[in-house]
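# Summary of structural features
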Amino acid sequence: MIYPRLDRVQQLLLSIALSIPSIACHAYSETDLFSDIPEIVSATRISQDISEVPVSTTVITQELIQASGAIDIADLLKLVPGFQVYTPNANKYAVTYHGASGEFPRNLDVRINGRPVYIPLLSTVAWNTLGISISDIQRIEVVRGSNVPSYGSNALMGAINIITKNPIEQPSSQITTTVGSQGKRDITTAFNGKVNDLYYRVSLGHEQNNGFDFQQDGENLNLGNIHLVFTPSLYDSIDFTAGFNNGTMVIGDGGNQGELREFQDREHFSHFQHLQWNRIIDEKNELNTQLYHNYLELKTQSYPTSELLNDPGLIQLNGQLAFLASVMGNTYPFPSTQVSDFNVNTSAENGKTETYGAEIQHTFSPSNAFTLASGLGLRYEKASSIVLLGHDKTVDEEVYFIFSNAEWKQTDKLSWNAGFMSELSSITSPSNSIRLASNYKLTHFLTLRGAITQAFRTPSLLEENGQTAYIFPEGVPYDYVSFANDSIEAEKLNAAEVGIFWLFPQQSGFLDLKFFNERISHGLDNWFYEGPIDIKSAQQKFAGAAFNDEVRELRNASNRKSRGVEIQASLKPTDKDLIHFAYSLNKLSGIYRRGSYPGKADQRYDDASPRHTATLLLNHRFTPSVDASLIFNYLSDVTWLGSNIKESYQTTDLNVSKSFHLGHNRQLTTSLLVKNMFDQQYSEFQIKNLYDRRLYLTMTLDF
């Protein structure tokens, strides 16, 4: 079947949107339009209307969440222009902005109620260890573009802040269950209540599925969280959240038929605690303080070396070592001619990591025209992993930071924003990131926006310390895989964007256009070279190879740039209809220099991001209790880093919901989600990660 070119579809929709006449109807205002959306704080740490934020921002509202029928948190981000979501394994989600990512995307800062959930041991976010379910989410604020000046170096390409349901605003309790394809069986419960001035919400859940049909990479996990809100006075609010997540997820690459490491269970246990205190000092001053702690432990099965080498008792290997010693004599490079068996983890996802953080922010508003949000904080990270770090010791890092964001409304039409973040790490060089932006209102409904950013991403705890080697207890190295590099520098981003934000009051919606140009220099990537001699090298030498076995280390070895356009439109033509459109055109180019080892030629980034990404959601409410959505998703050709397939897809999802009022504030909602309705099969990241038509039934009881 032949599909129309997406850029023509984009041009058509854009022309339709721009043809809507501007109606000077002063009965509408931005406050009226977004009365159901709290002001956005994620972009600048200052509460701002969506048309006043200095950078492109998307809000995934509760209405969008319900209309999408999404059953996994990461899937919601497909509603955001420029974002891509893919699955290296059935339950391992990768989320990236403007591509150039692999199994572990590292350039997005993800937070839950302002608490960072970035994992320093893996340099990414593990979406199935967050301790919340999709039914816990009230909305998601997404900053599309670097937000380092507000949230630090992990936000090099963007920032996501997941805001959970507040027990004050959600008085009812809820039970939700989902069953469907791949043996999916989920259940979550949430109970809300109040004791004097203390509001509480307790949520518990269980999730399980069988994974892809040909991969057997399912998951089985339990999660829970509690959210307490205490309001001792009109000027004070204290929030405390805590939660846990434990379970098993099957991981593997599916490409090593018959090998022990093809698929294996990865156990995880995580928990978190987060305390926030907000104090309104007076009408001009507000103080916010937060403390948090994250813990994550990952385990996979280890195997005897003899089993992995298919060499019972290591008889063959010890024979080879004895032979090498007799041939090489005094040049024999190893401390022993005999080695004993030991256990080896074949997956890198092993270890423990903890993060402690503290932050204080002062917001000062001397007038309606000027607001300044400034503060300081510290973050302490530690990790241990014999697989990823090459030893059983704990490594740690202290990060101190100061920040300031200012908004100045020079006139009724012209406003300025400036942001600054300075970070000082105990293991890397200091970095300073800045952003300057301006908004100009051509009319009450049309705003022009421009911003320039220079930002730095300092190496993570893993990137500074990561090294892998398989060494027998006698000190004989079987294989050196990677070494740490203590001379790597921060990645640097220079970005510029120009945007147009157009309100359509009569359609209760808006159109947001963004033109962007981004350049990342000193990018961190693997550099390959001839390593020191180990058993594998000695075997290759004896076989006549000219080089030792390869090893790798991280270096500032890549440069890339992106330029393109993004479109976001949200319209309500009638009180029964919702239209949401997200589109991105991204032209990625750049080069990744892979080193001096033979066969490791430089690679280009051109195919590491889809040129086109689009989502169109159409929702119609037929009656007060029945509504349906069609969701169209499109991804053009892309080969993710570390993947060996070129993938693309165009799918259509259908979500139908029916509500039944049971009386006494009780309501039952039944939803049927048909994903990939026309069964247009495609693979994602691995050839056996096959997506076909899937059905899911969700039932929610509110009481």
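Residues numbered from 1 in each chain as written. Predicted model: local features only at pLDDT ≥ 70, side-chain atom pairs only at ≥ 80, totals over all residues. Heavy atoms only, no water.

### Points about the overall build of the protein chain
- When helices and strands are counted, the protein chain shows 8 helices and 36 strands.
- A globule of 703 residues ought to have a C-alpha radius of gyration of about 27 Å, and the protein chain, at 27 Å, matches this closely.
- For the C-alpha atoms alone, the extent of the protein chain along its principal axes is close to 95 × 60 × 50 Å.
- Relative to its 703 residues, the protein chain shows a buried fraction of 56%.
- Considering only contacts within the protein chain whose residues lie at least 6 apart along the sequence, 64% involve residues at least 24 apart.
- Summed over its atoms, the accessible surface of the protein chain is roughly 29900 Å², and 56% of this surface lies on carbon and sulfur atoms.
- Each charge sign in the protein chain was given a centre, from 56 positive and 76 negative side chains, and these centres are 5 Å apart. (Helix = DSSP H or I, 4+ residues; strand = E, 2+ residues; numbered from the N terminus. Rg over C-alpha atoms; globule rule 2.2 N^0.38 Å. Buried < 20%, exposed > 50% of the residue type's maximum accessible area, 1.4 Å probe, protein only. Contact = heavy atoms within 4.5 Å. Areas by Shrake-Rupley, 256 points an atom, 1.4 Å probe, with all protein chains shown as cover. Lys, Arg positive; Asp, Glu negative; His and termini not counted. Charge placed at Lys NZ, Arg CZ, Asp CG, Glu CD.)

### Thoughts on a nonpolar patch on the surface
- A contiguous nonpolar surface patch, about 430 Å² in accessible area, is contributed by Val179, Val656, Leu672, Leu695, Leu697 and Met699.
- The topology assignment puts Leu697 in strand β36 (residues 694-702).
- The partly exposed category is assigned to Leu697, whose relative accessible area is 33%. (Patch = residues over 30% accessible without salt bridge, like charges linked within 9 Å, V, L, I, M, F, W, Y side chains within 5 Å. Salt bridge = Lys/Arg side-chain N within 4 Å of Asp/Glu carboxyl O.)

### A few points about the nonpolar core
- Counting 41 residues, the largest nonpolar core has Ile60, Leu77, Phe83, Trp127, Ile160 and Ile162 as its most contacted members.
- Contributing elements (two or more residues each) for this core: α3 (62-68), β2 (83-89), β3 (92-97), β4 (108-112), β6 (137-144), β7 (158-164) and β25 (491-504).
- Those residues in contact with Ile162 that lie beyond four places of it in its chain are Ile73, Val110, Arg111, Ile112, Asn113, Trp127, Ile132, Ile137, Arg139 and Ile140.
- If you look at the next biggest cluster of nonpolar residues, it comprises 29 residues, including Ala43, Val55, Val143 and Leu571. (Core = buried A, V, L, I, M, F, W, Y, C linked by side-chain atoms within 4.5 Å.)

### Regarding the confidence of the model for the protein chain
- Averaged over all residues, the pLDDT of the protein chain equals 92, while 93% of them reach at least 70.
- Here residues 1-34 is a poorly scored stretch, pLDDT under 50, and it has 46 contacts once near neighbours within four places are set aside; other chains count.
- Predicted confidence for residues 256-260 stays below pLDDT 50, and this span has 7 contacts to residues more than four positions away or in other chains. (pLDDT = per-residue confidence, 0-100.)

### Digging into unusual backbone geometry
- The phi torsion at His98 lies on the positive side, around 65°, for a residue other than glycine.
- In this fold, His98 is placed in the loop between β3 and β4.
- According to the relative accessible area criterion, His98 is buried, its value standing at 1%.
- Of note in the backbone geometry, Leu314 takes a positive phi value of approximately 55° without being a glycine.
- In this fold, Leu314 is placed in the loop between α5 (305-308) and α6 (315-328).

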